[in-house]
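A look at the structure
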Amino acid sequence: MSAKGFGVKPSRKTDKLIEQVVYYCQKRSPKALDQIFDNLPVGRTAQEYKRLNQQILTGTTNALASDIDSLAWFCGYIASGINRSEDNKAHRPIILLSKLLIKHGMQPFTDFSPYPGCCLILINTEKFAALPEQVQKLVEEAFDVMESTGDQAIQVNNALLE
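Quick caveat: nothing in here was measured; it's all calculated off a predicted structure. (Residues numbered from 1 in each chain as written. Predicted model: local features only at pLDDT ≥ 70, side-chain atom pairs only at ≥ 80, totals over all residues. Heavy atoms only, no water.)

**Things to note about the packing of helix α4 (residues 68-78) against helix α5 (residues 93-103)**
Two elements in contact, α4 and α5, have axes whose closest approach is 8 Å; the angle formed by their N-to-C orientations is 130°. Classified by the angle between their axes, α4 and α5 sit oblique to one another. Classified by chirality, the crossing of α5 by α4 is right-handed. Facing α4, whose interface residues are I68, D69, L71, A72, W73, C75 and G76, α5 presents I94, I95, S98, K99, I102 and K103. Of the residues contributing to the contact of α4 with α5, the split by class is eight nonpolar, two polar and three charged. (Axes fitted to C-alpha atoms, helices over the stretch in contact; angles between N-to-C directions. Helix = DSSP H or I, 4+ residues; strand = E, 2+ residues; numbered from the N terminus. Parallel < 35°, antiparallel > 145°, perpendicular 65-115°, else oblique. Left-handed = near helix turned anticlockwise from the far one by under 90°. Contact = heavy atoms within 4.5 Å. Nonpolar A, V, L, I, M, F, W, Y, C, P; charged D, E, K, R; others polar.)

Structure follows, in structure tokens:
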């Protein structure tokens, strides 16, 4: 499984990390993912960590593209909606919203981004505006929708990657 991020081919170690993240997403194992993300290789610069995180997010998203349930679960995990296995039994709004957006053609980490604090940031507002009106209303009724500038969205996305 090869996932490119910023034009750099990941190393075999990165591919192995992506495979593990995908596996634990499919198994719905937040503690195992915590172990992976808490123990990323040390001795890297901030830029190298950012690139590694981007490669893992991109690789995981690509690998789970046909498994919407696991991809939506991963979004819930990233948004801190899933902290322990018991959280898997509850219907988490962030997972359901991610699943709805994915089913309507929006891509995680490209068109929208999960953010800690059980938030989703709509990055591609044009694509969101093109969704069926019923979907837009559902999102607006269920969540606080706030507008921000492109710079603010970039800052939030960069903070997520770090």
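From this point, the narrative continues.
**Observations regarding the packing of aromatic side chains**
Enumeration over the complete set of coordinates arrives at four aromatic pairs. With centroids separated by 5.1 Å and ring planes inclined at 75°, the aromatic side chains of Y23 and Y24 adopt a geometry described as edge-to-face. Classification of Y24 by relative accessible area gives partly exposed; the value is 28%. Between W73 and Y77, the ring centres sit 6.0 Å apart and the planes meet at 10°, which makes this aromatic pair stacked. In this pair, W73 and Y77 are both assigned in helix α4, four residues apart and thus about one turn of the helix distant. Y77 carries the same exposure label as W73, and that label is buried. (Phe/Tyr/Trp six-rings, centres within 6.5 Å; stacked < 30°, edge-to-face > 60°. Buried < 20%, exposed > 50% of the residue type's maximum accessible area, 1.4 Å probe, protein only.)

**Observations regarding the pairing of strand β1 (residues 112-115)**
Here four bridges tie β1 to strand β2 (residues 119-122), and the two strands are oriented antiparallel to one another. Bridged to F112 within β2 is L122. (Pairing = 2+ DSSP bridges.)

**Some points on the environment of A142**
In this structure, A142 sits in helix α7 (residues 133-142). Separated by 49 residues in the primary sequence, A142 and P93 place their C-alpha atoms 8.4 Å from one another.

**Details of α7**
Those residues of α7 that sit buried are V135, Q136 and V139. In an axial view of α7, the angular spread of the buried residues amounts to 100°, which keeps them on one side of the axis. Along α7, the residues that are exposed and aim more than 90 degrees away from the buried face are E133, Q134 and E141. Taken together, the buried residues of α7 touch α5 and α6 (125-129). (Arc of directions from axis to C-beta.)

**Section: unusual backbone geometry**
Positive phi is not limited to glycine here, since R28 has a value of about 55°. By relative accessible area, R28 is classed as partly exposed at 25%. Of note in this structure, F109 is not a glycine but carries a positive phi near 70°. For F109, a relative accessible area of 13% puts it in the buried group.

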